[in-house]
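Remarks on the overall topology
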Amino acid sequence: MPYDSGCDPQKDARGKLPKSFTTPWSELAMTRTCTCIYHFLVLSWYIFLNYYISQKGGRDQQKSKIFLNGGQWKHLTFLNLFVFLSFWILFLYDRELVYPKALDGIFPVWLNHAMHTSILPFTLAEVILRPHCYPQRKKGLTLLALASLAYISRVLWIYSETGTWVYPVFAKLSPVGLTAFFSLSYIFNASIYLLGEKLNHWKWGDTMQPRKKRK
């Protein structure tokens, strides 16, 4: 596989580089090309979904109301699409908390699965296609915490300005419950992050390691 700058390949006991780092250039070029095509297709799918929803919402008054007070970008799904587990866990428990049944008459069923189901095979394909260089675990979890805090701050800001919650589930929680929910959400997200790290290691072994700082 192509070499990722910022990571050092792990040599074996004989001091040799892994086979993935001694692959002929033609094969590496083909791998890069396939990876770029895959990323382009996924990006195109993401752009299409957001464009489709924005156009439908703009022409339909009922749909437009859904995206009041923050627009469609107030929903985590539109920001990154990788919310498969959290969405379906809440949906199966009580769909009214995240995706009320009334939405079935507004948005087609395929759109729900396009946003919340198709992302799983895309994510798994990303693991299979190429090795990923994870940062030092402390740094990675810190960045994840900052991103989570930024989104939570936006959700709270929207509520303070409009008096409405982005997701119905928040309206059912007390301040203590909200704090617990957000804390558990970070723990859940951190677990998913660590799982991705493990899957990457399982698939690619020690071919990619975070580069250690020089003293």
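The name that an unreviewed UniProt entry assigns to the protein is Androgen-dependent TFPI-regulating protein isoform X2, with the source organism given as Zalophus californianus. Heading Subcellular location (unreviewed entry) of the UniProt record for the protein holds this comment: "Endomembrane system".

Here we look at the overall build of the protein
Counting its regular elements, the protein contains nine helices and two strands. In the protein, the order of α-helices and β-strands from amino to carboxyl end is β-α-α-α-α-α-α-α-α-α-β. Residue pairs in contact within the protein that sit at least 24 positions apart in sequence constitute 74% of those at least 6 positions apart. Counting every atom, the protein has about 14,100 Å² of accessible surface; 66% of that belongs to carbon and sulfur.

Examining the side chain of Glu197
With respect to the helices and strands, Glu197 occurs in helix 9 (residues 175-204). Judged by its relative accessible area of 14%, Glu197 falls in the buried class.

Points about the state of the cysteines
A complete count under the given rule lists zero disulfides for this structure. Of all cysteine sulfurs in the structure, the one in Cys36 sits closest to Cys34, which takes part in no disulfide; the separation is 9.4 Å. By relative accessible area, which is 54% here, Cys36 ends up exposed.

Concerning the UniProt feature "transmembrane region" (unreviewed entry) in the protein
If you check UniProt for "transmembrane region" (unreviewed entry), the listed places come out as residues 37-54, 75-93, 105-129, 141-159 and 165-188 in our numbering. Within the segment residues 165-188, helix and strand shares are 75% and 0% respectively, and the terminal C-alpha atoms sit 21 Å apart.

Regarding the packing of aromatic side chains
By the definition in use, this model includes 16 aromatic pairs. For the ring pair Phe87 and Trp88, a centre distance of 5.0 Å and an interplane angle of 85° mean the geometry is edge-to-face. The exposure class of Trp88 is buried, given its relative accessible area of 16%. Three or more aromatic residues joined by ring pairs make a cluster, and in this case those are Tyr159, Trp165, Tyr167, Phe170, Phe181 and Phe182.

Examining the confidence of the model for the protein
Per-residue confidence for the protein gives a mean pLDDT of 75, with 71% of residues at or over 70. Least confident of the elements in the protein is strand 2 (residues 209-210), whose mean pLDDT is 51; most confident is helix 9, at 89. Per-residue pLDDT stays below 50 along residues 1-6; that stretch engages in 25 contacts with residues further than four places along the chain or on separate chains.

A word on the nonpolar core
Counting 13 residues, the largest nonpolar core has Phe87, Phe91, Tyr99, Phe107 and Leu111 as the members making the most contacts within it. Put simply, the parts of the chain that give this core at least two residues each are helix 1 (25-59), helix 4 (84-94) and helix 5 (109-116). Counting 12 residues, the second-largest nonpolar core is a separate cluster that includes Ile152, Val155, Ile158 and Leu178.

Focus: helix 6 (residues 119-129)
When we look at burial in helix 6, the residues that qualify are Ile119, Glu126 and Val127. All buried residues of helix 6 lie within an arc of 100° about the axis, which places them on one face of the element.

Re the side chain of Arg95
Structurally, Arg95 can be placed in the loop between helix 4 and helix 5. Among residues more than four places away in sequence, those in contact with Arg95 are Leu90, Pro100, Lys101 and Asp104.

Let's talk about the packing of helix 6 against helix 9
Where helix 6 meets helix 9, the closest approach of the two axes is 9 Å, and the angle between their N-to-C directions is 40°. When the axes of helix 6 and helix 9 are compared, the pair comes out oblique. For the pair helix 6 and helix 9, the sense of crossing is right-handed. Across the interface between the two elements, Val127, Ile128 and Leu129 of helix 6 pack against Leu199, Asn200, Lys203 and Trp204 of helix 9. A class-by-class count of the residues in the contact of helix 6 with helix 9 yields five nonpolar, one polar and one charged.

What to know about the environment of Pro135
Along the chain, the position of Pro135 falls in the loop between helix 6 and helix 7 (137-162). Accessibility expressed as a relative area gives 30% for Pro135, which makes it partly exposed.

What to know about a nonpolar patch on the surface
A cluster of nonpolar side chains, contributed by Leu85, Ile89, Ile192 and Leu195, occupies part of the molecular surface with about 330 Å² of accessible area. Sorting the residues of the nonpolar patch by element identifies helix 4 and helix 9 as the ones contributing at least two each. Looking at where Leu85 falls in the secondary structure, it is placed in helix 4.

Definitions and limits used
Residues numbered from 1 in each chain as written. Predicted model: local features only at pLDDT ≥ 70, side-chain atom pairs only at ≥ 80, totals over all residues. Heavy atoms only, no water. UniProt positions renumbered as here; feature names shortened; annotations may be inferred. Helix = DSSP H or I, 4+ residues; strand = E, 2+ residues; numbered from the N terminus. Contact = heavy atoms within 4.5 Å. Areas by Shrake-Rupley, 256 points an atom, 1.4 Å probe, with all protein chains shown as cover. Buried < 20%, exposed > 50% of the residue type's maximum accessible area, 1.4 Å probe, protein only. Disulfide = S-S within 2.5 Å. Phe/Tyr/Trp six-rings, centres within 6.5 Å; stacked < 30°, edge-to-face > 60°. pLDDT = per-residue confidence, 0-100. Core = buried A, V, L, I, M, F, W, Y, C linked by side-chain atoms within 4.5 Å. Arc of directions from axis to C-beta. Axes fitted to C-alpha atoms, helices over the stretch in contact; angles between N-to-C directions. Parallel < 35°, antiparallel > 145°, perpendicular 65-115°, else oblique. Left-handed = near helix turned anticlockwise from the far one by under 90°. Nonpolar A, V, L, I, M, F, W, Y, C, P; charged D, E, K, R; others polar. Patch = residues over 30% accessible without salt bridge, like charges linked within 9 Å, V, L, I, M, F, W, Y side chains within 5 Å. Salt bridge = Lys/Arg side-chain N within 4 Å of Asp/Glu carboxyl O.

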